Amino acid sequence: MALIAMRDVHKRHTLGGGTIAALAGVRLSIARNEYVAIVGSSGSGKSTLLNLIGCLDTPTSGTYLLDGVDVGALDGSRLARLRNETIGFVFQSFHLLPRMSARDNVAQPLVFRGTPRGDRRRRAAEALARVGLADRAQHLPMQLSGGQRQRVAIARALVTEPALVLADEPTGNLDSESTHRVMALLDGIHREGRTVLVVTHEAEIARRCERKVELLDGSIVDDARRRPA
Amino acid sequence: MRGLRGGLHGAAARFPDRLSTLLEIPRSAVASLAAHGLRSFLTTLGVVIGVASVVAVITLLNGLRSSITSQFAGLGGTTLAISPHTPLKEALAGRRARLAPADLELITSRIEGITHITPLTLAHDEVRHGSRATVTQIRGTTPTYQDVYDAFPGIGRFLTPADDAKRRRVCVIGDETRRAIGLPDDPRGTYIALADEWCKVIGVMERRGQLFGTSQDDHVVLPYHTLRSMAGHQEPPDLRIQLTVTDPAERSAIAARIETLLRRAHGLGPDDEDDFRVQTAEEIADAFDQLAATVTAFVAGMVGISLLVGGVGVMNVMLVSVTERTREIGICKALGATNRHVLQQFLAEAVILCLLGGLVGLLVGAGVAAFVASLIPDFGTPLPPPWAAGLAMGFSALVGIVFGVLPALRAANLDPIEALRHE
């Protein structure tokens, strides 16, 4: 069974009285442990697709099954629980909580599932160690470099052991060295057996993935598999 | 692969673990309030002031009430006090109701079941000894005063029937008055000047302390007829009458009989108001309670307004906080926070903010009450009654909930995508 199965998915946004079709009939199937790049110019519907896959939004029409669950039929709190259980997010601008230490940021998703504090701290420390930031656990986000922040965000995405990691332009705000480290981490996450989806407009990043899905005007125009170089 | 599936199932199993979440909410609420310490403090000022004022007033009234209760305890359930009372209409016409010696004689001769009865005339005048003088209360009364008021001399003796009958120029003085005019500890046999008449001191009353901040030991007690003869009958005497009844159960019946008797004696028609009052010690305490209730209601009204203002302040700051933290809310939602998580978080912040305000208000109120009490001698140090403390905290929490709901709902209903995009 595919982890992600989208059939004829449409998404329309209402804007100033009119509606805009952000996605027009997307059909997409992604199996477990795939490493997929989603590319396309701005306005192509990448973000909308990512929001749908990430269960932050539901399709206007069509069906989306995530791990066999029909996302379109879920209410807000079930969507939240599904996100918490199944998906790890990595954002372009890191989206760390500014007043919390790196460790507490990483532990935050566990708060929403009611994990006891001691457990949370232990697992957050483990996740930070996995991204090589064990010694930065008590630092606030503003005390960390951009690359370090993104690695904290990756640790946060991993702390719940999600089946799917969604990375939205994860290296968009990083220098080349940090980019390299972050991508190496994503490669590692894929090797662990997780499904990794990277939205990017950088060809360099897309080339690392096994599969490249290209969007244009709300439709998939190319879906190519290849072995990473 | 094992860790991945295990993680999913483990997560599902851990979701019902509510206790940890319950503890987590106040913890992170406190953390985010602490992040804006000054703002949080200023926000709660309204609540602080409201709670502090109600706690201070209730504490003081409570302290006053207990000191009154202990004062009246000595009078017991057998005392009746009769005092003149001028109805408002009469007072406006310039008349003043009085109780006359005839009233005293009438009650003494016509009412049965009285153990002791004593008249009391009150005046203020200067007493002098040597070069020292003080203005004090002059009480004219009879020997039964001791039994009726439960007040006895500590040194020397009280007035005797013979003192009164022979209009002897003798007096018993309060300890405060004794000090004021520089008499020795045992002033028996000393003469003091009272309105240009000499009076021999025969005793000093036992100390009674203070009531309502007024000394109860600053007075001079003379035989009733002595005082009347000194006043030279120029002015009609103005009496208060205090009596004790033999059977406490008969007291209200006796009070009613006295009322009927005096109304007839004063020639009052059926439509006229009483020009006197017959009160029990309890009624006097009740009158205080009524006053206290009025004051409390008034303060409660003021506090209600101040809590309203405080609540609006809290709501305002919470709304600002929701706007400021829109992106954080979006992040938390992406990470799996439900609307309920967010609602609880913001509601908890509002409630904790108000509870902290309530707690500070409680402490400030208790402090103010203690300070005011320290200015009143013999008042003791009143503590806020537990029910007032509970009420203060309860109201604070209620304000937090009522005024926190709107901002919390606004936060909870934010769309995660919009919220994440928020700068």
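That block above? That's the structure.
Attention here is on the structure that accompanies the text. Sequence order as written defines the numbering, with residues in each chain counted from 1. As a convention, the first chain written is A and the first ligand written is 1, with the rest following in written order. Where totals are concerned, whole chains, interfaces and linings use all residues; where local detail is concerned, this predicted model gives features only for residues with pLDDT of at least 70, and gives and counts side-chain atom pairs only at 80 or more.

### Concerning the overall build of chain A
Thought 1: Secondary structure follows DSSP: runs of H or I at least 4 residues long count as helices, runs of E at least 2 residues long count as strands, and numbering of each begins at the N terminus. Counting its secondary structure elements, chain A contains seven helices and 10 strands.
Thought 2: What the globule rule says is 2.2 Å times the number of residues to the power 0.38, and the radius of gyration is computed from C-alpha atoms. For a compact globule of 229 residues, the expected C-alpha radius of gyration is about 17 Å, and chain A comes in at 17 Å, within 12% of that figure.
Thought 3: By principal-axis analysis of the C-alpha atoms, chain A measures approximately 45 × 40 × 40 Å.
Thought 4: For chain A, the residues scored as buried account for 50% of the 229 residues in total.
Thought 5: Contact between two residues is assigned whenever their backbone-derived C-beta positions fall within 7 Å. For chain A, restricting intrachain contacts to residue pairs at least 6 apart in sequence, the fraction spanning at least 24 positions comes to 67%. Three exposure classes are used. Buried residues have 20 or more other C-beta atoms within 10 Å of their own C-beta, exposed residues have 12 or fewer, and partly exposed residues fall in between, all C-beta atoms being placed from the backbone.

### Some points on the sheet that holds strand β4 (residues 61-66) of chain A
Thought 1: The strand order across the open sheet built from four strands is β2-β1-β4-β5 (chain A), with neighbouring strands paired in antiparallel fashion. This sheet does not close on itself; its edge strands, each paired only once, are β2 (18-30) and β5 (69-70) of chain A. At least two bridges found by DSSP between two strands is the condition for calling them paired.

### A word on the nonpolar core
Thought 1: In these notes, a nonpolar core means any group of buried Ala, Val, Leu, Ile, Met, Phe, Trp, Tyr and Cys residues linked to one another through C-beta atoms within 7 Å. The biggest cluster of nonpolar side chains holds 126 residues, and the ones touching the most others in it are A:Ala155, A:Leu166, B:Val55 and B:Ala350.
Thought 2: Looking at which element gives the most residues to this core, the answer is helix α13 (residues 339-375) of chain B, with 15 residues.
Thought 3: Contact partners of A:Leu166, with chain neighbours within four places excluded, come to A:Leu50, A:Ile53, A:Gly54, A:Ile87, A:Phe89, A:Val90 and A:Leu197.
Thought 4: The next biggest cluster of nonpolar side chains, apart from the first, holds 22 residues, and it includes B:Val127, B:Leu183, B:Ile192 and B:Leu227.

### So, the sheet that holds strand β7 (residues 164-168) of chain A
Residue and element names in this part refer to chain A.
Thought 1: Overall, mixed pairing links the six strands, which are arranged β6-β7-β8-β3-β9-β10 in an open sheet. If you trace the sheet from one side to the other, it starts and ends with β6 (87-90) and β10 (219-225), each paired once. On average, each strand axis in the sheet is tilted by 15 degrees relative to the strand beside it, whichever way the strands run.
Thought 2: As paired strands, β7 and strand β8 (residues 195-199) are joined by five bridges and run parallel to one another. Residue pairing for β8: Ala167 is matched across the bridge by Val198.
Thought 3: To obtain each axis, a line is fitted to C-alpha atoms, and for helices this fit is confined to the stretch in contact; angles are then taken between N-to-C directions over 0 to 180 degrees. Along the sheet, helix α5 (residues 146-158) contacts β6 and β7; its crossing angle with β6, the most-contacted strand, is approximately 170 degrees.

### As for the environment of B:Glu126
Residues and elements named next belong to chain B.
Thought 1: Tracing the backbone through its elements, the reader meets Glu126 in strand β2 (residues 114-129).
Thought 2: Take Glu126: there are 14 C-beta atoms within 10 Å of it, and that puts it in the partly exposed class.
Thought 3: Separated by 11 residues in the primary sequence, Glu126 and Gln137 have C-alpha atoms spaced 8.6 Å apart.
Thought 4: Once residues within four sequence positions are removed from consideration, Glu126 is found in contact with Ala133 and Val135.

### Here we look at unusual backbone geometry
Residues and elements named next belong to chain A.
Thought 1: Phi is positive for His95, which is not a glycine, with a value near 55 degrees.
Thought 2: Along the polypeptide, His95 turns up in the loop between β6 and α3 (102-111).
Thought 3: The buried category is assigned to His95, around which 22 C-beta atoms lie within 10 Å.
Thought 4: One non-glycine residue with positive phi stands out, namely Glu161, at about 50 degrees.
Thought 5: With respect to the secondary-structure elements, Glu161 resides in the loop between α5 and β7.

### Brief notes about the pairing of strand β1 (residues 79-84) of chain B
Moving residue by residue along a regular strand, the side chains alternate between the two faces of the sheet.
Residues and elements named next belong to chain B.
Thought 1: Note: β1 against strand β11 (residues 239-245), four bridges, orientation antiparallel. Looking across to β11, one finds that Ile82 is bridged to Ile241.
Thought 2: The sheet contact formed by β1 and strand β12 (residues 276-280) spans five bridges and is antiparallel. If you follow Ile82 over to β12, its bridge partner there is Val278.

### Overview of helix α9 (residues 224-231) of chain B
Residues and elements named next belong to chain B.
Thought 1: What α9 keeps buried is the set Tyr224, Thr226, Leu227 and Met230. Seen along its axis, α9 keeps its buried residues to an arc of 165 degrees; they face one direction.
Thought 2: Where α9 is buried, its residues contact β2, β3 (132-141), α7 (161-165), β7 (197-205) and β10 (219-223). The arc in question is formed by the directions pointing from the helix axis toward the C-beta atoms.

### As for the pairing of β7(A)
Residue and element names in this part refer to chain A.
Thought 1: Across the five residues that make up β7, a large majority, five, are buried.
Thought 2: Both faces of β7 are covered, namely the face carrying Leu164, Leu166 and Asp168 and the face carrying Val165 and Ala167.
Thought 3: As judged from the four bridges shared by β6 and β7, these two strands associate in the parallel manner. When the bridges of β7 are listed, Val90 appears paired with Ala167.
Thought 4: After leaving β7, the chain enters helix α6 (residues 176-191) and then returns to the sheet as β8, a path that is right-handed. With strands facing away from the observer, any crossover in which the path from the first strand over the helix to the second runs clockwise is taken as right-handed.

### Some thoughts on the packing of helix α5 (residues 101-110) of chain B against helix α10 (residues 251-265) of chain B
Residues and elements named next belong to chain B.
Thought 1: Between α5 and α10, the shortest axis-to-axis distance is 11 Å and the interhelical angle comes to 135 degrees. By the angle between their axes, α5 is oblique relative to α10. Both α5 and α10 take part in a crossing whose hand is right-handed. For the pair α5 and α10, contact is made by Asp103, Leu106, Ile107 and Arg110 and by Ile258, Leu261, Leu262 and Ala265, respectively.
Thought 2: Across the contact of α5 with α10, the residue classes tally to six nonpolar, no polar and two charged. Angular relationships are summarised with four words: roughly parallel below 35 degrees, roughly antiparallel beyond 145, roughly perpendicular across 65 to 115, and oblique for the angles in between. Two helices that cross are described as forming a left-handed crossing if the nearer one is turned anticlockwise from the farther one by less than a right angle, and a right-handed crossing if clockwise. Asp, Glu, Lys and Arg are counted as charged, while Ala, Val, Leu, Ile, Met, Phe, Trp, Tyr, Cys and Pro are counted as nonpolar; the rest, among them Gly, fall into the polar class.

### Overview of the environment of B:Gly394
Thought 1: Turning to its location among the elements, B:Gly394 is positioned in helix α14 (residues 386-412).
Thought 2: Remark: the alpha-carbon pair of B:Gly394 and B:Thr144, spanning 250 residues in sequence, is separated by 52 Å.

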